[in-house]
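If you want the building blocks of each chain, they are given just below.
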Amino acid sequence: MTNPPICNYEGSDYQQAFWEQGGRAYEDQAEAIALKKLLSKSGKLMLELGAGAGRNTPRYAGFERIVVLDYSTTQLAQAQERLGKSDKYIYVAADVYRLPFLKGIFDSATMIRVLHHMADAPKALSQIRKVLQPNAIFILEFANKLNLKSILRYLFRRQTWSPFTLEPVEFVKLNFDFHPQAIRNWLGELGFSIEKIRTVSHFRLGLLKRIIPAKLLAWFDGLIQPTGAFIQLSPSVFVKAKTSAENETKEIPLNVLDLFKCPECEYEKLQDKKDYLLCSNCNAKWQVNDGIYDFREKIK
């Protein structure tokens, strides 16, 4: 069992129900604009944390290889259907709080619509920092506690919690909003420098989405996203952070097996037994099923 608790989308139809049939075309296109402006156009090894069914993965096409990571194997199976099975994509089921990767091997990472499920956000961010190379780019999206709607609700006494304090607010179980300054503080403590901030989904109102085409609404959103450098009042915020250059850059492994370490004992050499990976140090076995490397729990 993991601690802190994990928000598990196993068996969920989230991609279809929320994105494809839930009227979220505007939000999806607005996020695509932010990613295009913030992310490097190319790279060698990308880590996509909380990839779900692979909604954003095609937007990282310039990277040679992408580790598509989620806690849910059913979400990863949907991602496989969308993206296919090839050497470009490595599908991994794992807990963000104990990532099964060697230190310093990824040159980029994204975490979109995932941090709001983290009960211990600083711990999750510290794990991500460990697996990033020097000068690596990390694109983080978070749900903003200091959004305009929350401010107005608080001022008119429609909600009890203050949007101005730094602590996260859990508005639904395992759903958290964060203060932008708290995010900046955590990233700074981990050695990240913040290069850009873009505010996203300014027009997340049902009436606007019904009367204005999603593409046009997203275009307007893209025009004002750069104001995030000065003030963050939108419900969603994207941050482009960069790791320091203090350490020597590691060579990125060519063999998929050489990416992994045992999340149980952190031993850096696993043996391929076809249906599972074996840690020769602690004898933990990690299942491999239909191209998905499953590091959530040991198998017997």
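Coordinates for the structure precede this section.
Criteria and cut-off values
Residues numbered from 1 in each chain as written. Predicted model: local features only at pLDDT ≥ 70, side-chain atom pairs only at ≥ 80, totals over all residues. Heavy atoms only, no water. Salt bridge = Lys/Arg side-chain N within 4 Å of Asp/Glu carboxyl O. Helix = DSSP H or I, 4+ residues; strand = E, 2+ residues; numbered from the N terminus. Buried < 20%, exposed > 50% of the residue type's maximum accessible area, 1.4 Å probe, protein only. Contact = heavy atoms within 4.5 Å. Polar contact = N/O pair within 3.5 Å; in protein donor to acceptor, adjacent residues only side chain to side chain. Axes fitted to C-alpha atoms, helices over the stretch in contact; angles between N-to-C directions. Parallel < 35°, antiparallel > 145°, perpendicular 65-115°, else oblique. Left-handed = near helix turned anticlockwise from the far one by under 90°. Patch = residues over 30% accessible without salt bridge, like charges linked within 9 Å, V, L, I, M, F, W, Y side chains within 5 Å. Areas by Shrake-Rupley, 256 points an atom, 1.4 Å probe, with all protein chains shown as cover. Lys, Arg positive; Asp, Glu negative; His and termini not counted. Charge placed at Lys NZ, Arg CZ, Asp CG, Glu CD. 1 Å grid on protein atoms, 1.4 Å probe; cavity = no way out; pocket = protein on both sides within 12 Å on 5 of 7 lines; lining within 4 Å. Points joined across faces, edges and corners; volume = space filled by probe spheres on them. Pairing = 2+ DSSP bridges.

1. A word on the pattern of salt bridges
One side chain can pair with another of opposite charge once the charged atoms of both are near each other.
Right, on to step 1. For the coordinates displayed, the defined rule picks out 16 salt bridges.
Right, on to step 2. Residue E64 is joined to K44 by a salt bridge in which the shortest nitrogen-to-oxygen separation is 3.6 Å. Of this pair, E64 sits in strand β2 (residues 63-70) while K44 sits in strand β1 (residues 43-49); the two residues are 20 residues apart in sequence, bridging distant segments of the chain.
Right, on to step 3. We classify E64 as exposed; its relative accessible area is 51%.
Right, on to step 4. The network of salt bridges with shared partners includes D28, E31, R55, R59 and R113.

2. Re the side chain of H117
Right, on to step 1. With respect to the helices and strands, H117 occurs in the loop between β4 (106-111) and α4 (121-130).
Right, on to step 2. Leaving out residues up to four positions away in the same chain, H117 has contacts with C7, Y9, L174, N175 and F176.

3. A short note on the side chain of E31
Right, on to step 1. Note on placement: E31 falls in helix α2 (residues 25-38).
Right, on to step 2. There is a polar contact of 2.8 Å between the side chain of E31 and the side chain of R55.
Right, on to step 3. Not counting the four nearest positions on each side in its chain, E31 is found in contact with W19, R55, N56, I112, R113, V200 and F238.

4. Here's the deal with the packing of α2 against helix α8 (residues 214-224)
For any two helices packed against each other, the geometry is given by the interaxial angle and the distance between the axes.
Right, on to step 1. Interaxial distance between α2 and α8 falls to 8 Å at its minimum, and their mutual angle equals 40°. The pairing of α2 with α8 is recorded here as oblique in orientation. The handedness of the crossing between α2 and α8 is right-handed. Residues A25, Y26, Q29, A30 and I33 of α2 form the contact with α8, whose participating residues are A214, K215, L217, A218, W219, D221 and G222.

5. What to know about a positive patch on the surface
Right, on to step 1. A contiguous patch of positive charge, built from K36, K37, K41 and K196, is present on the exposed surface.
Right, on to step 2. Here K196 lies in strand β8 (residues 193-200).
Right, on to step 3. Accessibility expressed as a relative area gives 44% for K196, which makes it partly exposed.

6. Some details on the layout of surface pockets
Right, on to step 1. Counted as a void, the largest pocket has a volume near 1000 Å³.
Right, on to step 2. Along the wall of the largest pocket there are 37 residues; nearest its centre are N147, K149, R204, P235 and S236.
Right, on to step 3. Of all the elements in the fold, those that place two or more residues in the lining of the largest pocket are α1 (14-20), β5 (132-143), α5 (148-155) and β7 (175-177).
Right, on to step 4. In terms of residue count, the dominant contributor to the lining of the largest pocket is α5 (5 residues).

7. Brief notes about the sheet that holds β5
Right, on to step 1. Ordered by their spatial adjacency, 11 strands build an open sheet running β8-β9-β5-β4-β1-β2-β3-β13-β12-β11-β10, and the pairing between neighbours is mixed. In this open sheet, the two strands that pair with only one neighbour each are β8 and β10 (270-272). For this sheet, the mean inter-axis angle between neighbouring strands, taken without regard to orientation, is 20°.
Right, on to step 2. Helix-sheet contacts for α2 involve β5, β8 and β9 (236-242), and the interaxial angle to β8 is about 160°.
Right, on to step 3. Set on the sheet, helix α6 (residues 180-189) makes contact with β5, β8 and β9; between it and β5 the angle comes to about 165°.

8. Here we look at unusual backbone geometry
Right, on to step 1. A positive phi is found at R157, a non-glycine position, where the angle reads about 60°.
Right, on to step 2. Here R157 is to be found in the loop between α5 and β6 (169-172).
Right, on to step 3. By relative accessible area, R157 is classed as exposed at 77%.
Right, on to step 4. Here the phi dihedral of S201 falls at roughly 65°; this positive angle occurs in a residue that is not glycine.
Right, on to step 5. Along the polypeptide, S201 turns up in the loop between β8 and α7 (206-211).
Right, on to step 6. The class of S201 is buried, set by a relative accessible area of 0%.

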